Amino acid sequence: MFVFTAQTEIYGFISSKTIQLAVDRMYRDISMVLRSGERKDKSVIVFAIHEGMEEESWMIEVQKNQILIQATDDLGLVYAFLEISKEFLGIPPFWFWQEMSWKPVESIAVEEQKRFSKKKTIHYRGWFFNDETFLARWNPEGDGKLAWEMGFEACLRCGGNMVIPGDIDNFRKYGKLASDMGLILTHHHVEILGAPMFLNVYPDEEPSYTKNRKLFEQIWEDAVKEQADQKTIYAIGFRGQGDCAFWESESGGSELSDEEKGRFISSIMKRQIEIVRKYVKNPILCTNLYGEIMELYRDGWLEIPDEVIKIWADNGYGKMVARRRGNHNPRTIALPLNDQEREGKHGIYYHVSFYDLQAASHTTMMPQRPEYFNKQLWEAFEDHLTEYLIVNCSSVRQHTCTLEMVSRIWSGEHITSETFYPRFVEEYYRESQDKICALYEEYPKLCIHYGMQEDEVAGEQFYTHCVRILAGQWMISQEQPAEDMKWATDAETLDGQMKWVYDKCAPKEEESLEYAESCRRVGATLYDSLTVQAILHYEGCAGTVLFYRAWEEWSKKNYMEAFYECGLAAEHFSMADRALRETEHGIWKDFYKYERFADYKFAAHILRCLMGYIRIYSDGSSYYKWDARLRKLCGKGEIFCNWDNHETEKELFERMKEIRGETFDKDLIVWKRI
């Protein structure tokens, strides 16, 4: 029997920064679960590199007074320590992100045994810290690096070996940390070869490869040299400045035929490979078949060497089809369709977090069951997309459950609700496990199906963006439908679009409130994870329903009533933001401060702008009519309106709430729901 204590020591040859960090992490884990105390017996962990095994593999042998670890390489050793941490000390992958803590014990006994690593289904697998709005400015305990270190650690604990450490500046800030921790670097499909975008380096130059070829290639060459001593999978390709096709930046590019566009990109990729090979022996290369690149490849206009891993992308909702852009939704299958397309190595770019300013999930987890992710990914694996899997993990905290699902799948498991949720809840919650398990299972049913496809289920962005788009059109022209809502509904009038959104949200309002209350009853242990996400859905539904009621009153020319309903709607969106900020206790201070993809607080702001529009339309230009009407309800004459300052929209709204809605003769007052 091996006994862990606070005095357990670790011995072995530390030949790299990766091994040093792994040993330090092991000591930290021991200190989290074991309290100091005097013991006569002494236990040790002894590790050594054994190059005869497959890459990343390890063997753990638990003996009476020592644990022996043999690993084939640094990363194998990292995984062995993390296996000990999880299986013997009880520290799961997302312990930090789920705010777990332990009451230290004096010792932990472990039976003598041998454990061996299992080969992962996917060769290169990891996370893309993309749209990392929360991590980028979060500064826990004055240590901006801590957030990223804990993100990379969670990826390693899930069996990941690869990472894109954020966009643009963050890649360069935290790439070395990721590499030091043992992770392979790879690149965003916008930041080719890990280089900054052209305009970030040369803001005064035209971003044209034809005109500024030497400048482009110098940027790429500098990036490759910078990463040459780190394990890197180099992304090649060519897109425009930002996440767009190159011909939106390249002079005359839009006039090229598809064949010419394909030939142009192919020649650039060939040149990029030459640059990489100049500094890196036997480099690993990949390219993203994303957006217009997939279309050119599928039509046969791109020449991609077999050695380059071809990465296919889901649509942001976990479905392996081409993504929707604006109102265009091709849903082209994003998997190889024939033997010719299957040639070479293939991989996947997959989202558990996404933003499209339409209906995606970024601040809440994706509303799909384990069976959905299992089906999508295993079908892709069976189609030989097993070389590479990069998962858009956003800022981790709000997506721990889904990230755990994907990590189980890339490790070779087939998951279902019955097998996944009980294990997940048992790992991360110590009380009310049956209730919490049931709530996680119910979560996908809570969310709105905005379309007929299985992946067309709304995240939190649905509420805020629909309301903002429709409120804007209301103020611009009520005679025309909102162009930016045509992705969702074919209604030909603004009223029809308003009604469509209302019909989606109204049936879910009470249901989501009941669900949120069920989460609250479980207690504080669930608030920061599932409860706050349920609140975001409820407040979004409730605010959207009130927004529609404002529109109904406006249509009936009941302008004060429309104003009031609009104010109630704004309050719900403000309450959603407030609920999110209530999770920022302790180390999480200001984590959600810069939330902007759904941005409930901004939706509330737009609704308050709409309140001003309604008032100007009805109360102007002397701005005393509404005041007079409210004073009439208080038993005062209209003449007294001139005795006080004009009230702001906020002051008027607050006075309406104080009155609490009374009916006076023919005046219709509907503000009773307070």
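Structure shown above.
Residues numbered from 1 in each chain as written. Predicted model: local features only at pLDDT ≥ 70, side-chain atom pairs only at ≥ 80, totals over all residues. Heavy atoms only, no water.

A. Up close: the layout of surface pockets. Roughly 990 Å³ of volume is contained in the largest pocket. Lining the largest pocket are 31 residues, and of these Glu83, Lys118, Lys120, Gly159 and Ser411 sit closest to its centre. Elements represented by at least two residues in the lining of the largest pocket include exactly helix H2 (74–87), strand S7 (113–116), helix H4 (144–157) and helix H12 (400–410). At five residues, H2 tops the list of elements feeding residues into the lining of the largest pocket. (1 Å grid on protein atoms, 1.4 Å probe; cavity = no way out; pocket = protein on both sides within 12 Å on 5 of 7 lines; lining within 4 Å. Points joined across faces, edges and corners; volume = space filled by probe spheres on them. Helix = DSSP H or I, 4+ residues; strand = E, 2+ residues; numbered from the N terminus.)

B. Fine view of the sheet that holds strand S8 (residues 124–128). The eight strands are arranged S10-S9-S8-S15-S14-S13-S12-S11 in an open sheet whose pairing can be described as parallel. Strand pairing shows two members of the sheet lacking a second neighbour, strand S10 (184–185) and strand S11 (233–235), which therefore form its edges. Pairing analysis gives four bridges linking strand S12 (residues 284–289) to strand S13 (residues 309–313), with the strands arranged parallel. The residue of S13 that forms the bridge with Cys286 is Ile309. Its contacts with the sheet place helix H11 (residues 370–382) against strand S14 (346–351) and strand S15 (388–392), and it is angled at close to 160° to S14. (Pairing = 2+ DSSP bridges. Contact = heavy atoms within 4.5 Å. Axes fitted to C-alpha atoms, helices over the stretch in contact; angles between N-to-C directions.)

C. The sheet that holds strand S4 (residues 58–62), seen in detail. Strand order in this open sheet of five strands is S2-S3-S5-S4-S7, and the pairing throughout is mixed. Two strands in the sheet have a free side with no partner beyond their single neighbour: strand S2 (9–11) and S7. When the angles between neighbouring strand axes are averaged without regard to direction, this sheet yields 15°. Relative to strand S5 (residues 66–71), S4 is paired through five bridges, and the arrangement is antiparallel. In the sheet register, Met59 faces S5, and the bridge partner there is Gln70. Along the sheet, helix H1 (residues 17–33) contacts S2 and strand S3 (44–49); its crossing angle with S2, the most-contacted strand, is approximately 165°.

D. Region of interest: empty space enclosed by the protein. Applying the stated criterion across every chain, the model contains seven cavities of 30 Å³ or more. Estimated volume of the largest cavity: approximately 130 Å³. In this structure, the largest cavity is lined by 15 residues; those nearest its centre are Val190, Ile192, Phe216, Trp220 and Gln241. Looking at the lining of the largest cavity residue by residue, the class counts come to 10 nonpolar, three polar and two charged. Roughly 90 Å³ of volume is contained in the second largest cavity. Residue lining of the second largest cavity: 14 residues in total, with Ile236, Gly237, Thr287, Asn288 and Ile293 positioned closest to the centre. Counting only elements with at least two residues in the lining of the second largest cavity, the list comes to helix H8 (258–279) and S12. (Nonpolar A, V, L, I, M, F, W, Y, C, P; charged D, E, K, R; others polar.)

E. Molecular detail of the packing of aromatic side chains. This model, assessed by the stated rule, comprises 66 aromatic pairs. Aromatic side chains Trp97 and Trp138 sit 6.4 Å apart centroid to centroid with 50° between the ring planes, which places their arrangement in the tilted category. Taken together, the residues span a long stretch of sequence, with Trp97 in the loop between H2 and strand S6 (108–110) and Trp138 in the loop between helix H3 (133–137) and H4 at a distance of 41 residues. For Trp138, a relative accessible area of 2% corresponds to the buried category. With a centroid separation of 5.9 Å and 75° between ring planes, the pair formed by Tyr297 and Trp312 is classed as edge-to-face. Separated by 15 residues along the polypeptide, Tyr297 in helix H9 (residues 292–298) and Trp312 in strand S13 bring together distant segments of the chain. (Phe/Tyr/Trp six-rings, centres within 6.5 Å; stacked < 30°, edge-to-face > 60°. Buried < 20%, exposed > 50% of the residue type's maximum accessible area, 1.4 Å probe, protein only.)

F. A look at the pairing of S15. For S15, a buried count of five out of five residues is recorded, marking the element as mostly surrounded by other parts of the structure. Burial of S15 is two-sided: the residues Tyr388, Ile390 and Asn392 facing one way and the residues Leu389 and Val391 facing the other way are all buried. Relative to S15, S14 is paired through five bridges, and the arrangement is parallel. Residue pairing in the sheet places Ile348 in a bridge with Leu389 of S15.

G. Layout of H2. Here H2 spans 20 Å end to end across 14 residues, near enough to the 20 Å set by a 1.5 Å rise per residue. Across the 14 residues of H2, 11 count as buried, placing the element largely inside the fold. All buried positions along H2 are accounted for by Leu75, Gly76, Leu77, Val78, Tyr79, Ala80, Phe81, Leu82, Glu83, Ile84 and Ser85. (Expected span 1.5 Å × (residues − 1).)

H. Main features of helix H17 (residues 527–555). Across its 29 residues, H17 extends 40 Å between first and last C-alpha, which sits within 8% of the 42 Å expected from 1.5 Å per residue. Within H17, 26 of the 29 residues are buried, leaving the element largely enclosed by the surrounding structure. At the C-terminal side of H17, Lys557 shows a positive phi close to 65°.

I. Molecular detail of the side chain of Asp619. Tracing the sequence through the fold places Asp619 in helix H19 (residues 600–619). Residue class for Asp619 comes out buried when judged on its relative accessible area of 1%. Reaching out from Asp619, the side chain makes a polar contact with the backbone nitrogen of Lys625 at a distance of 3.1 Å. Of the polar contacts made by the side chain of Asp619, one reaches the backbone nitrogen of Trp626; its length is 2.9 Å. (Polar contact = N/O pair within 3.5 Å; in protein donor to acceptor, adjacent residues only side chain to side chain.)

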